[in-house]
Amino acid sequence: MSGDTVPHSGGLRAGAAGRRRAARLSLGFGLLSVVVAISITALAGSPPLAYQYVPLALSVVVLGLPHGAVDHLVLPRARGDPVTLRSLAFVGLLYLLVGTAYAVVWFLAPVAAFVLFILVTLVHWGQGDAYALLALVRVDHLGTRASRLLALVVRGGLPMLVPLIAFPAQYAFVAETLVGLFDPDAAAALEPVFSPPARAAVAIGFGALVALALLLGFVRSGPDGRGPWLVDLTETLGLVAYFAIVPPILAIGLYFCFWHSLRHILRTMLVDPVAATALDRGAIGAASRRFARDAAPLTAGGLLVLVGIGLAVPRTPATVPDVIALYLVTIAVLTLPHVVVVTVLDREQRVWSP
Ligand SMILES: CC1=C(/C=C/C(C)=C/C=C/C(C)=C/C=O)C(C)(C)CCC1
Ligand SMILES: [Fe+2]
């Protein structure tokens, strides 16, 4: 079974019980968020804009920002090595160099920086879900690297492309607030992307990829793989509906916390001997406290980056949308080095070499 490469050679410190618990938690919280948000939107309509920002605002301390704040611990743990000054310096320098370089791009070319942010998020959220499919859901239909890359594009494309198709005005508004922190007039350059023909092209092209991925998965899943394939199908169609129905600022905020970050946090727990042992015996509280302690210092560090960028932007952010835009730019700058760490972790866990 192709999924075997990931759980067994991937430096997992947890036994089967811990891994199954992680799988149940990620699926449970993910689908619960999707179902609750779709139901509320369908029954009560879109919440007021101010409320839609709440999950994104909470993600500063709840799951979101903290999920990357153990990047300095995760690679040594996955390798079974001690955390050394050298390994800390590697991650510190990575963040400093890559983060600073990308921050400079935001100041010099904010439109290009925004487009890069969308692409990086697509790749990063897609890579996170590819791991979850292989190691947690344990699908057997992603046996080739090409099929895993297709899964990455589909899973990353759902949060980044479906809102573009379904909510162009809100998408454009968020783009304007981010780009506008640096240059109020520059966002106009993005207008063609939100035009009906461009969105129709994205809908047709991306829709075809989603259909292809689901069909190929069905054909390639063996008798034991039908259950996992059904999980893939449910998640994929659930996310299509979710990002098509729930207004995107709310949808992305919830997804960031309860989908991407939660899954990544569970992944970091599974490579940490202490948290993995706790998960094995069902002590989720103990594993969570351990994570919170590990993540606290650099979550605070992330907040300092937020303040730093806030002081450096030409116009001081004054409204809620502007402050959240500043937070998203901070996330962008922190995410690029985070992607490097997760990509090395992917390699350690053989996510891309079946
Ligand atoms: C909020 C929001 C958007 C962008 C969010 C992004 C790009 C978030 C990236 C977060 C990351 C990279 C987190 C780290 O894992 C869109 C799509 C423009 C649509 C409108 C709402
Ligand atoms: Fe992440």
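Residues numbered from 1 in each chain as written. Chains lettered and ligands numbered in written order. Predicted model: local features only at pLDDT ≥ 70, side-chain atom pairs only at ≥ 80, totals over all residues.

The next point concerns the overall build of the protein chain. Broken down by element type, the protein chain carries 16 helices and zero strands. Compactness check: the protein chain gives a C-alpha radius of gyration of 20 Å against a globular reference of 20 Å for 354 residues, within 12% of the reference. Each of the three principal axes of the protein chain carries a C-alpha extent, and together these read 55 × 50 × 35 Å. In the protein chain, which comprises 354 residues, the share counted as buried stands at 45%. (Helix = DSSP H or I, 4+ residues; strand = E, 2+ residues; numbered from the N terminus. Rg over C-alpha atoms; globule rule 2.2 N^0.38 Å. Buried ≥ 20, exposed ≤ 12 C-beta atoms within 10 Å, placed from the backbone.)

Looking now at the UniProt feature "transmembrane region" (unreviewed entry) in the protein chain. Per the UniProt entry, the sites bearing "transmembrane region" (unreviewed entry) are residues 22-44, 50-75, 87-108, 114-137, 201-219, 239-259, 295-313 and 325-345 in this numbering. Helix makes up 100% of residues 22-44 and strand 0%, with an end-to-end C-alpha separation of 32 Å. Between the C-alpha atoms that bound residues 114-137 there is a distance of 32 Å. The span itself is 100% helix and 0% strand. (UniProt positions renumbered as here; feature names shortened; annotations may be inferred.)

Around ligand 1, the structure places 18 residues, and the nearest of them are Thr 121, Val 174, Pro 248, Ile 252 and Thr 335. Among the secondary structure elements, those contributing two or more residues to the shell around ligand 1 are α8 (110-137), α9 (145-166), α10 (168-180), α13 (248-270) and α16 (320-348). Among the elements that take part in the shell around ligand 1, α13 stands out by supplying five residues, more than any other. (Near = placed C-beta within 6 Å.)

A word on the environment of Val 320. In this fold, Val 320 is placed in helix α16. Spatially, the C-alpha atom of Val 320 lies 9.6 Å from that of Ala 57, the residues being 263 residues apart in sequence. In this structure Val 320 touches Ala 50 and Tyr 53, once residues within four positions along its chain are discounted. (Contact = placed C-beta atoms within 7 Å.)

With 95 residues, the main nonpolar core has Leu 178, Ala 251, Met 269 and Val 329 as its most contacted residues. Counting residues per element, this core draws most heavily on α13, at 15 residues. In contact with Met 269, other than residues within four places in its own chain, are Ala 22, Ala 275, Ala 276, Leu 279, Ala 287 and Phe 291. (Core = buried A, V, L, I, M, F, W, Y, C linked by C-beta atoms within 7 Å.)

This part is about α16. With 29 residues, α16 extends 40 Å between its outermost C-alpha atoms, agreeing within 8% with the 42 Å of an ideal straight helix rising 1.5 Å per residue. The sharpest bend along α16 measures roughly 30° and falls at Thr 335, with the proline Pro 337 sitting one to four residues further on. Just past α16, the residue Arg 350 takes up positive phi, approximately 55°. (Expected span 1.5 Å × (residues − 1). Bend = angle between axes of the 7 residues up to and from the residue.)

Another point: the UniProt feature "binding site: Fe cation" (unreviewed entry) in the protein chain. Per the UniProt record, "binding site: Fe cation" (unreviewed entry) is annotated on His 67, His 124, His 260 and His 264. Taken together, the annotated residues stretch across 198 residues yet fold into one region, lying no more than 13.0 Å apart by C-alpha. With respect to the secondary-structure elements, His 124 resides in helix α8. Among residues more than four places away in sequence, those in contact with His 124 are Thr 335, Val 339 and Val 342. Here His 264 is to be found in helix α13. With 24 C-beta atoms counted inside 10 Å, the residue His 264 sits in the buried group. With near-sequence residues (within four places) excluded, His 264 lies in contact with His 67 and Gly 128.

Let us now look at the environment of Val 35. In this fold, Val 35 is placed in helix α2 (residues 16-44). A count of 13 C-beta atoms within 10 Å places Val 35 in the partly exposed class. Considered as a pair, Val 35 and Val 271 are 236 residues apart in the sequence and their alpha carbons are 30 Å apart.

Across its 23 residues, α13 extends 31 Å between first and last C-alpha, which sits within 8% of the 33 Å expected from 1.5 Å per residue. Maximal helix bending in α13 amounts to about 40°, located at Phe 256. Summarising burial for α13: 23 of the 23 residues are buried, a large majority.

Take the packing of α8 against α9 next. Each pair of packed helices gets described by two things: the angle between the helix axes and the distance between those axes. Between α8 and α9, the shortest axis-to-axis distance is 7 Å and the interhelical angle comes to 125°. Overall, the two elements α8 and α9 adopt an arrangement that is oblique. Once α8 is placed against α9, the crossing between them reads as right-handed. Contacts between α8 and α9 involve Ile 118, Thr 121, Leu 122, Val 123, Trp 125, Gly 126, Gln 127, Asp 129, Ala 130 and Leu 133 on the former and, on the latter, Arg 148, Ala 151, Leu 152, Val 153, Arg 155, Gly 156, Gly 157, Pro 159 and Met 160. Counted by class, the contact of α8 with α9 contains 11 nonpolar, five polar and three charged residues. (Axes fitted to C-alpha atoms, helices over the stretch in contact; angles between N-to-C directions. Parallel < 35°, antiparallel > 145°, perpendicular 65-115°, else oblique. Left-handed = near helix turned anticlockwise from the far one by under 90°. Nonpolar A, V, L, I, M, F, W, Y, C, P; charged D, E, K, R; others polar.)

Let's shift gears to the confidence of the model for the protein chain. Put simply, the protein chain has an average pLDDT of 94, and 97% of its residues get 70 or more. For this predicted complex, the interface confidence score (ipTM) comes to 0.96, while the overall pTM stands at 0.95. (pLDDT = per-residue confidence, 0-100.)

What follows concerns the packing of helix α14 (residues 273-280) against helix α15 (residues 284-312). Running from N to C, α14 and α15 point in directions that differ by 160°, and their axes come no closer than 7 Å. By the angle between their axes, α14 is roughly antiparallel relative to α15. The interaxial crossing formed by α14 with α15 has left-handed handedness. For the pair α14 and α15, the contacting residues are Val 274, Ala 275, Ala 278 and Leu 279 in the first and Ile 284, Ala 286, Ala 287, Arg 290 and Phe 291 in the second.

Attention shifts here to the environment of Val 154. Structurally, Val 154 is set in helix α9. As for Val 154 and Leu 209, which are separated by 55 residues in sequence, their C-alpha atoms are 6.8 Å apart. For Val 154, the residues in contact, after removing those within four places along its chain, are Leu 209, Val 210, Ala 213 and Thr 236.

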